[in-house]
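Per-entry structural report
As a plain string of letters, each chain reads:
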Amino acid sequence: MKNQLKKIDWINTLFITTTPILAGLACYYHFSIEGASIAPWVIFTIFYFLTGFSITAGYHRLFSHRAYKARAPIRLFFLIFGAGAFQNSALKWSTDHRRHHNKVDTDEDPYNAKRGFWYSHVGWIFFKEEDKYRGKFSSDLANDPLVMWQHKYYLPLAVFTGIILPALLGALFSSPIGGLAIAGLARVVFVHHCTFFINSLCHIVGKRTYNNDNTARDSAILAFFTYGEGYHNFHHKFQTDYRNGIRWYQFDPTKWVIYTMKKIGLAANLKKTSPQEILKARLLADEVRTTLISPNFAESMEELRVKVEQASKKFQMIRIEYKKLKREFKREFEGQREETLKELKLKMKLAKLDFKTSYARWRLLVNHPHIAVPGF
Ligand SMILES: [Zn+2]
Ligand SMILES: [Zn+2]
């Protein structure tokens, strides 16, 4: 027992456990004495996004994974508002996170999901870090002057952006207690648990779409509560991709923020995994799962997987060729090219159809592994 107590990080424990109580008391005072007003909720929403995106687009996809490059003012912005989320400095956060990816689901994973929901969600924060990791940071981050500046002044920055600034804005538009209670304390708690879900529920709830080797999962519902980080299985497979939800309709506001920054010249070099690589991973993950249920399908699945991959590759190649020719055609207006273009378009449609047919057969097999599939 004495040894267990020695391992507890009392500062973290007190902070995590008392912020919800303080938030509750301050909100109660504000509502009962001052009465509710809209301004603190507007400030809450602004700070929810500013600090949350600074964690997901900044701490996570930029500093931890180098999924894109951002200009210095943007990096500074993420470091200042990321501090206001009270999740430690970017240097510490990103070093821990890289270890999570490298040692996922093992004792060396700081928020090992195999130790259960509560440990991976918040429990790990209550314990002191092991001596072997203390003070050891990723060298590229330790050589970044902006990251080191934030690390040095983390606490005053966190208190100013996370607590004082919401209270000041509250004073300006409504009441300082309202700003402090709702946009400061309650927002810290809210952003904490939304981002903590990535380490806990995103390793428990959802599908293992691209990789069966670890506990990370994809969930559209969790994406909604985690600024788009819910497509966590994809992220663990392709961690340097700037997107987590790869389809245009998948809810990944962090991806949209990064993309918008690129469009206005604030970000560059957005890393994207090729559709071929993504398809390959998905088919392999499907195959592993299905053959576990129906081992008899192993040989025929491998055959069909190769066919789907080849059909997709053929379609992608013709599409690239078609797009290139179309661009050239637009510039040159040559009559004879129109025929070639039409021919290529037809070839592309046929290749797409071939891919779609073989992939439909694949999905049928994967979704119904217990039944015999016609024509298989
Ligand atoms: Zn994870
Ligand atoms: Zn990550």
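Within any chain, residue numbers begin from 1 and follow the written order of that chain's sequence. Note on labels: chains are lettered from A, ligands numbered from 1, in written order. Local features in this predicted model are restricted to residues of pLDDT 70 or higher, and side-chain atom pairs are both shown and tallied only at a pLDDT of 80 or more, whereas totals for entire chains, interfaces and linings draw on every residue. Just so you know, side-chain values use all the structure's heavy atoms and leave hydrogens and water out.

1. Notes on the overall build of the protein chain
- Within the protein chain, the secondary structure is distributed over 16 helices and 2 strands.
- Principal-axis analysis of the C-alpha atoms places the extent of the protein chain at approximately 75 × 60 × 45 Å.
- Counting all 376 residues of the protein chain, 49% fall into the buried class.
- Averaged over its 54 positive side-chain charges, the protein chain has a centre that lies 3 Å from the centre of its 32 negative ones. Numbering of helices and strands starts at the N terminus; helices are DSSP runs of H or I of at least 4 residues and strands are runs of E of at least 2. Burial classes: relative accessible area under 20% of the type maximum marks a residue as buried, over 50% as exposed, and values in between as partly exposed (1.4 Å probe, protein chains only). The charged-residue count follows a simple rule in which Lys and Arg add positive charge and Asp and Glu add negative charge, with His and chain termini not counted at all. Think of each charge as sitting on NZ of Lys, CZ of Arg, CG of Asp or CD of Glu.

2. So, the environment of Val-257
- Tracing the backbone through its elements, the reader meets Val-257 in helix α13 (residues 253-263).
- It is 8.2 Å that separates the C-alpha atoms of Val-257 and Phe-53, two residues lying 204 residues apart in sequence.

3. Quick notes on the coordination of the zinc ion (ligand 2)
- With distances of 2.0 to 2.2 Å, the protein atoms coordinating the zinc ion (ligand 2) are His-60 (NE2), His-65 (NE2), His-97 (NE2), His-101 (NE2) and His-235 (NE2).
- Listed donors are limited to N, O and S atoms within 2.8 Å of the metal, widened to 3.2 Å for Na, K and Ca; water is not among them, so incomplete-looking sites are possible. One chain supplies every donor for the zinc ion (ligand 2), spaced along it as H-x4-H-x31-H-x3-H-x133-H. Here the two residues His-60 and His-65 agree in accessibility, since each one is buried.

4. Here we look at the domain arrangement of the protein chain
- Domain boundaries in the protein chain define domain 1 (2-268) and domain 2 (275-367).
- The domain boundaries here were taken from an automatic or database domain assignment. Centre-to-centre, using C-alpha coordinates, domain 1 lies 38 Å away from domain 2.
- Contact definition: two residues touch when any of their heavy atoms are within 4.5 Å. Taken together, the contacts link 11 residues of domain 1 with 7 residues of domain 2.
- Between domain 1 and domain 2, roughly 690 Å² of surface is buried when both sides are summed, and carbon and sulfur atoms account for 61% of that area.
- Throughout this description, the term salt bridge denotes a Lys or Arg side-chain nitrogen within 4 Å of a carboxyl oxygen of Asp or Glu. Between the two partners, domain 1 and domain 2, sit 0 salt bridges.
- Whenever two N or O atoms come within 3.5 Å, that pair is a polar contact, provided that in protein one can donate a hydrogen and the other can accept it, and provided that, for residues adjacent in sequence, both atoms are side-chain atoms. For the interface between domain 1 and domain 2, the tally reads 3 residue pairs in polar contact (both at pLDDT 80 or more).
- Polar here means any residue other than Ala, Val, Leu, Ile, Met, Phe, Trp, Tyr, Cys and Pro, which are nonpolar, and Asp, Glu, Lys and Arg, which are charged; Gly is therefore polar. In terms of residue class, the side of domain 1 that touches domain 2 is made up of 4 nonpolar, 3 polar and 4 charged. Throughout, buried area stands for the accessible area (probe radius 1.4 Å) lost by two parts on being put together, summed over both.

5. Topic: the coordination of the zinc ion (ligand 1)
- The protein atoms that coordinate the zinc ion (ligand 1) are His-100 (NE2), His-203 (NE2), His-232 (NE2) and His-236 (NE2), at distances of 2.0 to 2.2 Å.
- Around the zinc ion (ligand 1), the 4 donor atoms sit at angles spanning 94 to 157 degrees, and that spread fits a shape best called irregular.
- Taken in chain order, the donor set of the zinc ion (ligand 1) reads H-x102-H-x28-H-x3-H. Placement of the pair is His-100 in helix α5 (residues 90-102) and His-236 in helix α12 (residues 232-237), with a sequence separation of 136 residues. This pair shows no difference in class: His-100 is buried, exactly as His-236 is. Under this scheme a four-donor centre is tetrahedral when all angles range from 85 to 135 degrees, a four-donor centre is square planar and a six-donor centre octahedral when opposite donors are above 155 degrees with the rest from 65 to 115, and any other centre is irregular.

6. Structural notes on the packing of aromatic side chains
- Between the rings of Phe, Tyr and Trp (Trp by its six-membered ring), a pair exists once the centres lie within 6.5 Å; its type follows the angle of the planes, with under 30 degrees stacked, over 60 edge-to-face, and the other angles tilted. This model, assessed by the stated rule, comprises 25 aromatic pairs.
- When the ring of Tyr-59 is compared with that of Trp-93, the centres are 5.7 Å apart and the planes differ by 75 degrees; the resulting orientation is edge-to-face. Of the two residues, Tyr-59 is situated in helix α3 (residues 39-64) and Trp-93 in helix α5; the sequence distance between them amounts to 34 residues. The same class applies to Tyr-59 and to Trp-93, which are both buried.
- A connected cluster of aromatic rings, assembled from ring pairs, spans Phe-31, Trp-41, Phe-44, Tyr-48, Phe-49, Phe-53, Phe-190 and Tyr-227.
- One cation-aromatic arrangement involves Arg-99 over Tyr-133; the distance from NZ or CZ to the ring centre is 3.5 Å.
- Positioned above the aromatic ring of Tyr-119, the side-chain terminus of Arg-115 is 3.9 Å from the ring centre. Charge over a ring is defined by NZ of Lys or CZ of Arg lying within 6 Å of the ring centre and within 35 degrees of the ring normal.

7. Examining the side chain of Thr-195
- Tracing the chain through its elements places Thr-195 in helix α10 (residues 176-199).
- The buried category is assigned to Thr-195, whose relative accessible area is 5%.
- Within polar-contact distance, the side chain of Thr-195 engages the backbone oxygen of Val-191 at 2.7 Å.
- Ignoring any residue separated from it by four or fewer positions in sequence, one finds Thr-195 in contact with Ile-55, Gln-87 and Tyr-227.

8. Thoughts on the nonpolar core
- Throughout this description, the term nonpolar core refers to a set of buried Ala, Val, Leu, Ile, Met, Phe, Trp, Tyr and Cys residues connected via side-chain atoms within 4.5 Å. Within the largest apolar cluster, 46 residues are counted, with the highest numbers of intra-cluster contacts made by Phe-63, Tyr-68, Phe-78, Ile-258 and Met-261.
- Looking at this core, the elements with two or more residues in it are α2 (10-34), α3, α4 (72-83), α5, α9 (154-173), α10 and α13.
- Here this core takes 10 residues from α3, the largest share from any one element.
- Not counting the four nearest positions on each side in its chain, Phe-63 is found in contact with Gly-58, Arg-75, Phe-78, Leu-79, Ala-90, Ser-94, Arg-98, Leu-141 and Val-147.
- Judged by nonpolar contacts, the second largest core, of 12 residues, contains Leu-304, Val-308, Ala-311 and Val-366.

9. Quick notes on unusual backbone geometry
- Of note in the backbone geometry, Asp-105 takes a positive phi value of approximately 70 degrees without being a glycine.
- If you trace the backbone, Asp-105 turns up in the loop between α5 and α6 (117-121).
- Of note, the phi angle at Tyr-227 is positive, near 60 degrees, even though the residue is not glycine.
- Within the secondary structure, Tyr-227 sits in the loop between α11 (220-225) and α12.
- For Tyr-227, a relative accessible area of 2% puts it in the buried group.

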